[in-house]
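This is what each chain is made of:
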Amino acid sequence: RLLSIHRDAQNLKARVYSTLEQHHHDDDDDDDASSHTYIRRIKSFPWLPNKNCGSWYLPPDDITTSIEVYFKSSDGHITSDYAFSLKRLNLPLIELLHQVNSCFLVDSSVRKILPDSFSRTIPVWCCVMNRIVQRYREEELLLCDENNTHGYDAADRAQWDTSLYTPASIVSPVEYVEILALIDSRVELLYSSKAIVNPSWLVRTLNKPLRPMWIAEGQVQRYTNSLHLSSFDDGNYLTIICCNPSYYSEGSSVKNHIHWVNHSNSNDETRFGYYYTPGAADDDSEWGRNLSPILFWSNYEQLLAPNLAEDDTDAMIDAILQRTRDNHLTCVLPNVTEYADKIGNIDLWIGSYEAGKPPDCWLNFDAVLNVTQTDYTDIYDSITQQREKHKRECFYLQLPVAQGKKDKTELERWMPIGLVFLIHHLQQKRRVLVYGNKGRDRAVAVVLALVVFICPPTYPLKLKEDIHAFNLDSLARRGGSGDNILYFHSDLRLDVVNALLKENGRDSFLQWMHTRKELQALPQETFADKESLRIFLQLVAQYRENAEPTRSTMQKLNRFFMSSSMYRHNNKIL
C-alpha cells in the first residue's frame with residue numbers, strides 16, 4: 001500500500017497543472033501571455049487533503065493551509081439518500097475560498113475514478129450552501145431599508161447560481177435528477193436546524209456561488225447537467241478543484257484496477273515490484289499499524305526500500321513509532337488525528353479514551369483532563385518521566401464522573417474544578433486535551449461549559465480578549481485556606497479544589513466568574529440558557545463531529561448554569 005500511495009503522490013502537482021494547462025489551451029485561443037498568467041494563477045491556489053484518505057497523498061510541505069476539510073464519502077452514498085451533514089458544514093473551507101477564490105482538494109478511491117466524497121457529497125454541499133445563502137440574502141433584503149444597505153438587488157439574485165453540478169463520468173442524468181429533487185429538502189433541513197449560527201457571516205463570506213470541478217486520470221471531467229468540461233471561473237465562482245491522484249485500468253471491477261508494477265531495472269518481476277492499488281490509503285486504520293501520514297513522509301525512503309519484505313516493513317513501522325515516542329518528537333501521531341479534534345482557534349482538543357493514553361498523549365499535549373472514572377495505570381509515572389527525562393512539566397486532572405445516567409450529580413459537582421483547570425492552562429498557552437470514553441458526551445459537556453465562558457457565540461470559536469481577566473488568585477482568596485499544596489499533578493491548589501467540591505462550590509465558582517473584572521454588583525443574568533447552549537453545541541460540533549451529549553447531560557448543564565439561587569430576584573428564576 002505504501003508503494004502505491006507514493007506512486008500516486010509523485011509529481012501530483014505537476015500532473016494537475018499540466019492537465020489544467022492543456023484544458024486552458026483547448027478552451028481558450030488567447031496568446032502565450034494569457035497562458036502564462038493562467039498558469040501563475042492556478043499555481044497560487046492552496047492544496048489541502050480531504051481528511052483521512054486524502055492526507056496520505058500530500059507530503060506535509062505540499063499542504064499550504066492549516067484548515068481541516070472533511071467531506072465524508074458515506075454521506076454521498078445512494079444508501080445514505082445523498083445526506084447533508086449538519087456536523088460537517090466545512091465552514092473553514094468557505095472562509096479560505098473567500099480569500100483565495102479556488103483551491104485544490106485531494107482524495108482517492110479504490111473502486112472509482114472519483115470517490116463519492118467528490119462525485120456526490122461535495123456537489124450536494126455546494127448546491128445546498130449556495131441556496132441557503134440565497135435564502136439568507138432574501139431575508140436580509142426584507143429587513144433592509146430603502147437604501148438597500150447590503151447592496152443586493154434583483155440582478156444579484158438572477159446571477160446567483162444555485163444549480164447542481166455533478167461529474168458525468170460517475171453521476172448519470174437519471175441519478176442527477178434524483179439528487180436534484182432532494183436538494184430543497186436538504187436546504188430546509190439546514191435552515192430549520194439553525195446550524196448556521198451566524199447567517200450574516202455566511203452571506204458576507206460566501207460572496208460568490210460555490211462550484212466543483214474534477215481532475216482524474218489526467219483529464220478534466222465533464223458536468224452531468226451540461227456535458228461541458230468542468231472549470232473554474234474566478235470572476236463568478238468559488239471553485240473546489242477535486243483531484244484524484246490514482247491510476248485506473250479499464251473495466252469496472254476492483255481487480256481490473258490492481259496491477260503489477262516493476263520498480264527496478266531487473267527483468268525479474270518477482271523480486272522488485274509490487275501490486276499497485278489505486279486509493280490504497282483508504283481505511284488506514286485497518287492496515288496502517290498506527291503510522292500517520294506525517295511519519296510516513298518523514299521516513300518514506302526507508303519504508304519504500306525495494307528489498308523490504310512485508311514483515312520487514314511492519315517491523316520498521318513499529319520501530320519508527322517507538323523511536324518517535326522515545327525521542328519525544330513533536331509530530332502529530334495517530335492518537336491525535338484519529339482520536340481527538342481541535343476546537344476552533346483554541347489550543348483545546350476533545351478526544352476519546354485512546355487520545356489520553358500515556359506516554360503518547362504528552363507528545364501532543366501539555367495538560368490532560370480525564371472525564372471518566374478510570375485512570376491509565378501509568379499516567380502519573382509518565383508525568384514523572386517527562387519531568388526527569390525530558391525536563392518538561394505536564395499536567396493532569398481526573399473528574400471521576402460516571403457514564404450516562406449512572407451519574408446523578410458528579411458532573412455538576414466537579415464541573416467548576418474542570419473549568420478552572422482548563423482556564424488556568426489555556427491562560428498559560430498550553431495545549432489541552434479533554435477526553436471521555438468516546439469523547440461525545442461528558443468531555444463535550446465540559447468543553448461546552450468552558451466555551452460559554454471564554455468564547456463569543458460566533459464561528460469560528462476563539463478566545464475572548466479578556467481570557468487573562470480570570471484571576472485564579474482571587475478565586476484562591478475566595479475559597480482557599482492559603483496553603484500552597486497542589487492537587488496531584490493538576491497545578492491547582494488543593495484548598496481551592498476542596499472549596500469548589502463543597503455544596504456551595506458551584507455558586508462560589510459562578511460568583512467568581514461574575515466578578516472576574518472586579519465588578520462588585522450582584523449578577524443579574526445567567527451566563528447561558530437553553531438557546532445559547534444549543535448555539536454553542538452546534539459550534540463545537542463543527543469541530544468534533546460526534547459531539548452528542550445525552551439529554552441527561554444537557555439537563556445537568558441547564559441546572560449548572562440556571563438553577564443557582566443568585567439568579568433569583570422578584571421571586572423568579574431567570
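Structure: see above.
Here is a short report on the structure shown in this document. (Residues numbered from 1 in each chain as written. Predicted model: local features only at pLDDT ≥ 70, side-chain atom pairs only at ≥ 80, totals over all residues. Heavy atoms only, no water.)

## Focus: the pairing of strand E10 (residues 367-370)
Item 1. Where burial is concerned, the two faces of E10 agree: the one with Ala367 and Leu369 and the one with Val368 and Asn370 are both buried.
Item 2. Where E10 and strand E11 (residues 395-398) come together, four bridges link them in parallel fashion. Paired with Asn370 across the bridge in E11 is Gln398.
Item 3. Handedness of the crossover joining E10 and E11 through helix H15 (residues 379-390) is recorded here as right-handed.
Item 4. Inspection of the sheet shows E10 paired to strand E12 (residues 432-435) by four bridges, in the parallel sense. For Leu369, the partnering residue across the bridge sits in E12 and is Val434. (Buried < 20%, exposed > 50% of the residue type's maximum accessible area, 1.4 Å probe, protein only. Helix = DSSP H or I, 4+ residues; strand = E, 2+ residues; numbered from the N terminus. Pairing = 2+ DSSP bridges. Right-handed = clockwise from strand over helix to strand, strands pointing away.)

## Quick word on the sheet that holds E11
Item 1. Across the sheet, which stays open at both edges, the five strands sit in the order E8-E9-E12-E10-E11 with mixed pairing between neighbours. Looking along the sheet, the strands with just one partner apiece sit at the ends: strand E8 (340-342) and E11. Direction aside, neighbouring strands of the sheet carry axes that sit 20 degrees apart on average.
Item 2. Inspection of the sheet shows E8 paired to strand E9 (residues 348-351) by three bridges, in the antiparallel sense. Residue pairing for E9: Lys342 is matched across the bridge by Trp349. (Axes fitted to C-alpha atoms, helices over the stretch in contact; angles between N-to-C directions.)

## Describing the pattern of salt bridges
Item 1. Applying the stated criterion across every chain yields a total of 26 salt bridges.
Item 2. The partner of Arg392 in a salt bridge is Asp366, and the shortest N-O contact between them spans 2.9 Å. One end of the pair, Arg392, is in the loop between H15 and E11; the other, Asp366, is in the loop between E9 and E10, and 26 residues separate them in sequence. Asp366 matches Arg392 in its accessibility class, with the two residues each being buried.
Item 3. Residue Glu531 pairs with Arg534 through a salt bridge whose shortest N-O separation is 2.9 Å. Placement of both Glu531 and Arg534 in helix H21 (residues 530-541) is noted, with a separation of three residues, approximately one turn of the helix.
Item 4. Taken together, the shared-partner salt bridges in this structure form one network comprising Lys51, Glu68, Asp341 and Arg544. (Salt bridge = Lys/Arg side-chain N within 4 Å of Asp/Glu carboxyl O.)

## Considerations on the nonpolar core
Item 1. Counting residues in hydrophobic clusters, the biggest one holds 154 residues, and the most contacted among them are Met129 and Leu202.
Item 2. It is helix H17 (residues 442-454) that provides the largest number of residues to this core, a total of 12 residues.
Item 3. For Met129, the residues in contact, after removing those within four places along its chain, are Phe84, Leu89, Leu91, Ile94, Leu190, Leu202, Leu206 and Leu210.
Item 4. Listed in part, the 15 residues of the second largest apolar core include Ala340, Cys361, Tyr376 and Tyr396. (Core = buried A, V, L, I, M, F, W, Y, C linked by side-chain atoms within 4.5 Å. Contact = heavy atoms within 4.5 Å.)

## Points about the side chain of Asp507
Item 1. Relative to the helices and strands, Asp507 resides in helix H20 (residues 505-514).
Item 2. A polar contact is formed between the side chain of Asp507 and the side chain of Arg506, at a distance of 2.7 Å.
Item 3. Within polar-contact distance, the side chain of Asp507 engages the side chain of Ser564 at 2.9 Å.
Item 4. Those residues in contact with Asp507 that sit more than four places away from it in its chain are Ser564, Ser565 and Met566. (Polar contact = N/O pair within 3.5 Å; in protein donor to acceptor, adjacent residues only side chain to side chain.)

## Considerations on unusual backbone geometry
Excluding glycine, most residues fall at negative phi; most peptide bonds, likewise, are trans.
Item 1. Following Pro358, the chain continues into Pro359 via a peptide bond in cis, with omega recorded as 0 degrees.
Item 2. Considering the arrangement of structural elements, one finds Pro359 in the loop between E9 and E10.
Item 3. A cis amide bond links Tyr459 to the next residue, Pro460, at an omega of -5 degrees.
Item 4. As for its placement among the helices and strands, Pro460 is situated in the loop between H17 and helix H18 (472-479).
Item 5. Notably, Asn290 is not glycine yet its phi reads approximately 70 degrees, a positive angle.
Item 6. The topology assignment puts Asn290 in the loop between helix H10 (284-287) and helix H11 (293-298).

## Quick notes on the sheet that holds strand E5 (residues 238-243)
Item 1. Strand order in the open sheet formed by five strands is E1-E2-E5-E3-E4, and the pairing between neighbours is mixed. Lying at the two open borders of the sheet, with one neighbouring strand each, are strand E1 (47-49) and strand E4 (219-220).
Item 2. Bridge analysis of strand E3 (residues 210-216) against E4 gives two bridges, and the strand direction is antiparallel. From the neighbouring strand, Ile215 faces E4, where its bridge partner is Val220.
Item 3. Lying on the sheet, helix H5 (residues 116-143) is in contact with strand E2 (102-106), E3 and E5; it crosses E3 at an angle near 165 degrees.

## Some words on helix H4 (residues 91-100)
Item 1. When we look at burial in H4, the residues that qualify are Leu91, Leu93, Ile94, Leu96 and Leu97.
Item 2. Those residues of H4 that are buried are in contact with E1, E2, H5, helix H8 (199-205), E3 and E5.
Item 3. Just downstream of H4 lies Asn101, where phi reads positive at about 75 degrees.

## Comments concerning the packing of H17 against H21
Item 1. As a packed pair, H17 and H21 sit with axes 10 Å apart at the nearest point and diverge in direction by 115 degrees. The angle between H17 and H21 places the two elements in the roughly perpendicular class. As H17 runs across H21, the sense of the crossing is right-handed. Contacts from Val444, Leu448, Val451 and Val452 of H17 reach H21 at Leu533, Phe536, Leu537 and Val540.
Item 2. Within the contact of H17 with H21, the residues separate by chemical class into eight nonpolar, no polar and no charged. (Parallel < 35°, antiparallel > 145°, perpendicular 65-115°, else oblique. Left-handed = near helix turned anticlockwise from the far one by under 90°. Nonpolar A, V, L, I, M, F, W, Y, C, P; charged D, E, K, R; others polar.)

## Section: the packing of H17 against helix H22 (residues 551-562)
Item 1. Where H17 meets H22, the closest approach of the two axes is 10 Å, and the angle between their N-to-C directions is 35 degrees. Relative to H22, the crossing made by H17 is right-handed. Of the residues in H22, those touching H17 at Ala445, Leu448, Ala449, Val452 and Phe453 are Thr553, Met554, Leu557, Phe560 and Phe561.
Item 2. For the contact of H17 with H22, the per-class residue count stands at nine nonpolar, one polar and no charged.

## Some points on the pairing of E3
Item 1. With seven of seven residues buried, E3 lies mostly within the body of the structure.
Item 2. Side chains Leu210, Pro212, Trp214 and Ala216 project from E3 onto one buried face, and the interleaved Arg211, Met213 and Ile215 project onto a second face that is buried too.
Item 3. As judged from the six bridges shared by E3 and E5, these two strands associate in the parallel manner. From the neighbouring strand, Arg211 faces E5, where its bridge partner is Thr239.
Item 4. In sequence, E3 turns back onto E4 through a hairpin of two residues, with Glu217 there showing a positive phi of about 55 degrees.

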